[in-house]
Amino acid sequence: MKKNPFKKGICLLLGTLLAACLLGGCGNSGKPVLKVYSWGEYLDTSLLSEFEKEYDCKVIYETFDSNESMYTKLQSGETYDILVPSDYMIERLIKEDRLQPIDWSLVPNAAGLDEAVMGEEFDPDNTYSVPFFYGSVGILYDTTVVDDADLSDGWELLRNPKYAEDIYMYDSERDSFMPALKALGYSMNTTNHEEIDQAYEWLIDQRDTMDPVYVGDDVMDNMISGNKALAVVYSGDAAYTMRENEDLAFFEPKEGTNIWQDAMVITSDCTEVELAHAYIDFMLEPEHAYANTVEVGYTSPVVEARTKAAEEDFAGIPAYLPSTLGDNNEVFRYQDQETKEYFSELWTKVKAAN
Amino acid sequence: MKHFTKLVRPYIIWAVVIILLPLLLIVLYSVTTGGNDLVNIQFTLDNFRRMTEPVYLAVFAKSFRLGLTAVGICLFAGYILAYFITFFSERTQSLLILLVTIPMWINTLLRTYAWICLLSDNGAVNTLLQMLGFQPVTMMYTDFAVLIGLVSDLLPFMVLPIHTSLCKIDHSLHEAAMDLGANKVQTFWRVTFKLSLPGVLNGIIMTFLLSISTFVIPKLLGGGQYMLIGNLIENQFISVGDWNFGSAISVILAFIILLAITGMKQFDQEEGEEE
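Residues numbered from 1 in each chain as written. Chains lettered and ligands numbered in written order. Predicted model: local features only at pLDDT ≥ 70, side-chain atom pairs only at ≥ 80, totals over all residues.

A. Region of interest: the overall build of chain A. Scanning chain A from N- to C-terminus turns up 12 helices and 10 strands. Across its three principal directions, the C-alpha atoms of chain A cover 85 × 55 × 40 Å. The 354 residues of chain A split such that 44% are buried. Partitioning the contacts of chain A with sequence separation of at least 6, the portion at a separation of at least 24 is 76%. (Helix = DSSP H or I, 4+ residues; strand = E, 2+ residues; numbered from the N terminus. Buried ≥ 20, exposed ≤ 12 C-beta atoms within 10 Å, placed from the backbone. Contact = placed C-beta atoms within 7 Å.)

B. Structural detail: the interface of chain B and chain A. At the interface, 22 residues of chain B touch 21 residues of chain A. Going through the elements one at a time, helix H3 (54-85) and helix H12 (229-240) of chain B are the ones with two or more residues in the side of chain B that touches chain A. Top element by residues in the side of chain B that touches chain A is H12 of chain B. It accounts for 6 residues. For the side of chain B that touches chain A, the class distribution of residues is 10 nonpolar, 9 polar and 3 charged. (Nonpolar A, V, L, I, M, F, W, Y, C, P; charged D, E, K, R; others polar.)

C. Structural detail: the nonpolar core. Counting 137 residues, the largest nonpolar core has Ile82, Leu140, Leu230, Met264 and Val265 of chain A as its most contacted members. Of the residues forming this core, the biggest block, 11 residues, is contributed by helix H7 (residues 143-168) of chain B. Split by domain, the residues of this core number at least three in each of domain 1 (33-134 + 261-317) and domain 2 (135-259 + 326-352) of chain A. Those residues in contact with Leu140 of chain A, other than ones at most four positions away along the chain, are Met223, Ala231, Val233, Ala238, Thr241, Leu248 and Phe250 of chain A. (Core = buried A, V, L, I, M, F, W, Y, C linked by C-beta atoms within 7 Å. Domains from an automatic or database assignment.)

D. Spotlight on the domain arrangement of chain A. All names here are of chain A. We note that the domain assignment places domain 1 (33-134 + 261-317) and domain 2 (135-259 + 326-352) within chain A. One C-alpha centre belongs to domain 1, the other to domain 2; they are set 26 Å apart. Each partner contributes to the interface: domain 1 provides 20 residues, whereas domain 2 provides 15 residues. Every element with two or more residues in the side of domain 1 that touches domain 2 is listed here: helix H4 (87-95) and strand E5 (129-142). Among the elements that line the side of domain 1 that touches domain 2, the one with the most residues is H4, at 5 residues. Tallied by class, the residues present in the side of domain 1 that touches domain 2 amount to 8 nonpolar, 4 polar and 8 charged.

E. Inspection of the pairing of strand E1 (residues 33-39) of chain A at higher detail. All names here are of chain A. Counting buried positions along E1 yields 6 of 7 residues, so the element is predominantly enclosed. Across 7 bridges, the pairing between E1 and strand E2 (residues 58-64) is parallel. Opposite Val33, over in E2, you have Lys58 as the bridge partner. Pairing between E1 and strand E3 (residues 82-83): 2 bridges, direction parallel. Among the inter-strand pairings, Val36 is bridged to a residue of E3, identified as Ile82. (Pairing = 2+ DSSP bridges.)

F. Summary view of the pairing of strand E6 (residues 167-170) of chain A. Residues and elements named next belong to chain A. Burial along E6 is two-sided: Ile167 and Met169 and Tyr168 and Tyr170, pointing in opposite directions, are all buried. Relative to strand E8 (residues 230-234), E6 runs parallel, the two being bridged by 2 bridges. For Ile167, the partnering residue across the bridge sits in E8 and is Leu230. Where E6 meets strand E7 (residues 213-215), 3 bridges bridge the pair, whose relative direction is parallel. Note that in E7 the partner of Tyr168 across the bridge is Val213.

Below, the structure is given as structure tokens:
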């Protein structure tokens with residue numbers, strides 16, 4: 001058979017078309033695109049289409065389930081315009097030069113932010129980060145099962161044999177080491193190997209005697225259905241869960257806890273800088289912040305939204321307004337590589353131990 | 001016809017880019033240290049050495065125990081199912097096989113969540129038990145939950161190859177065996193089962209491959225403390241960020257699977273030569 005140049009031409013043409021289509025993301029009509037990467041279940045998603053309409057743009061909204069998995073995705077070369085990670089991860093991103101400063105003049109709604117949640121240690125002047133949600137970590141418990149007197153155990157409640165096989169722990173390295181370190185009276189930002197080893201022993205001992213289940217976001221559904229009596233949760237998840245199941249209560253152990261903050265940051269890859277600022281401003285608009293906070297249960301740093309939500313939607317649920325002031329409360333700080341690896345290995349062993 | 005061989009070229013390029021390169025990268029990661037960006041790497045065998053720690057060996061042992069149990073249950077249930085399907089008319093058979101594959105049309109994640117609804121402490125099964133006057137049983141986050149999830153996920157992969165093998169058996173062989181004085185049990189073991197062995201082996205290989213490297217099902221039905229090899233690897237890549245160690249585990253797992261398959265194939269060939 002002779003070669004047919006015509007056929008070859010068609011093949012080439014089709015190939016080029018396909019490639020162009022793939023590269024150009026077929027059907028993108030030239031609108032500016034904003035890529036947002038945030039925690040799962042962290043937004044009233046109807047706001048996204050509202051934003052798209054108002055600014056004639058397209059928002060690609062992706063979600064992650066841990067700061068670490070977000071970082072891994074960034075490391076693999078994926079680019080985003082806006083990220084909504086937590087305190088220590090923001091500190092890491094700043095250190096690694098992955099963010100660009102916020103132009104506060106483009107964020108007029110920032111005036112409504114609570115001064116108390118600004119200027120945290122991870123970004124002292126809020127050069128890079130705009131608070132989105134904040135809260136604490138505590139123990140959510142079933143009042144029909146847990147004896148009020150036992151609450152004075154603080155974090156040691158998680159090792160009280162009365163509640164063996166009745167506990168959910170958070171399936172995350174830092175959130176699981178935090179209760180152990182606090183129970184032992186150490187800082188959760190410790191770099192001292194001896195202290196870390198003791199916390200590791202604490203966790204191993206808890207595993208052996210209490211048989212806890214390490215879970216992620218499914219802790220909320222499980223607690224709503226009343227499957228187990230105790231769970232380590234974020235205050236916002238507690239507020240959300242308590243709204244659904246009245247038997248539940250939340251407390252922050254006296255040994256101190258983790259005060260966290262998730263904030264919006266703009267990456268250095270971002271080209272639609274103005275649009276990104278518009279997005280941040282849009283989210284700080286009291287009405288929008290209110291919609292978000294009611295939808296997910298986390299505490300809004302926008303005073304007007306927070307007050308309204310606390311009075312109307314979360315009345316009688318103190319977890320919505322966590323006390324962030326305790327003496328032993330801390331904010332997670334960036335860990336150097338060596339400490340991080342040490343924690344990681346121990347955490348893998350805690351989970352893998354049989 | 002010769003020029004048709006050129007048509008294979010795009011496939012070769014595709015295979016190199018999508019399969020070979022990532023594999024080589026995994027091997028490279030597994031024998032180096034120095035971070036995930038491969039800028040300043042040093043060659044080392046530490047990643048493999050770490051695997052010999054008892055904690056990780058226990059994870060391997062647990063994965064194999066669970067994987068083999070799942071394969072065993074699949075084989076038992078799948079063989080019976082495939083065997084009885086062959087008794088129907090051809091038309092009914094294709095319908096029944098279609099029914100076997102229907103669960104595969106639905107996403108694994110969704111099916112696993114359905115199991116959560118059924119098995120959780122206040123779920124459908126326990127509600128039913130309580131209505132019948134029994135004590136509720138904790139099923140979520142146990143071996144039982146993971147096994148039931150795995151088996152229901154893998155069963156079609158066992159049924160299909162066995163059914164194909166069974167279908168190919170010439171019925172006159174059964175008649176011949178009967179005529180020569182074999183009873184039903186003898187006929188089954190010495191004729192039917194023997195001739196269906198290729199399908200059985202294929203089914204075992206498929207289900208074993210899938211069960212040994214699974215991570216979604218144990219994570220959802222077993223909880224975060226339910227660590228199998230797949231979870232260990234996922235953990236190293238996603239949350240810990242130690243791609244070197246994760247790659248080393250992957251390489252070891254791939255090696256073991258390769259050995260297992262070679263062993264199976266060898267067995268299959270020997271069986272074939274016997275006849």
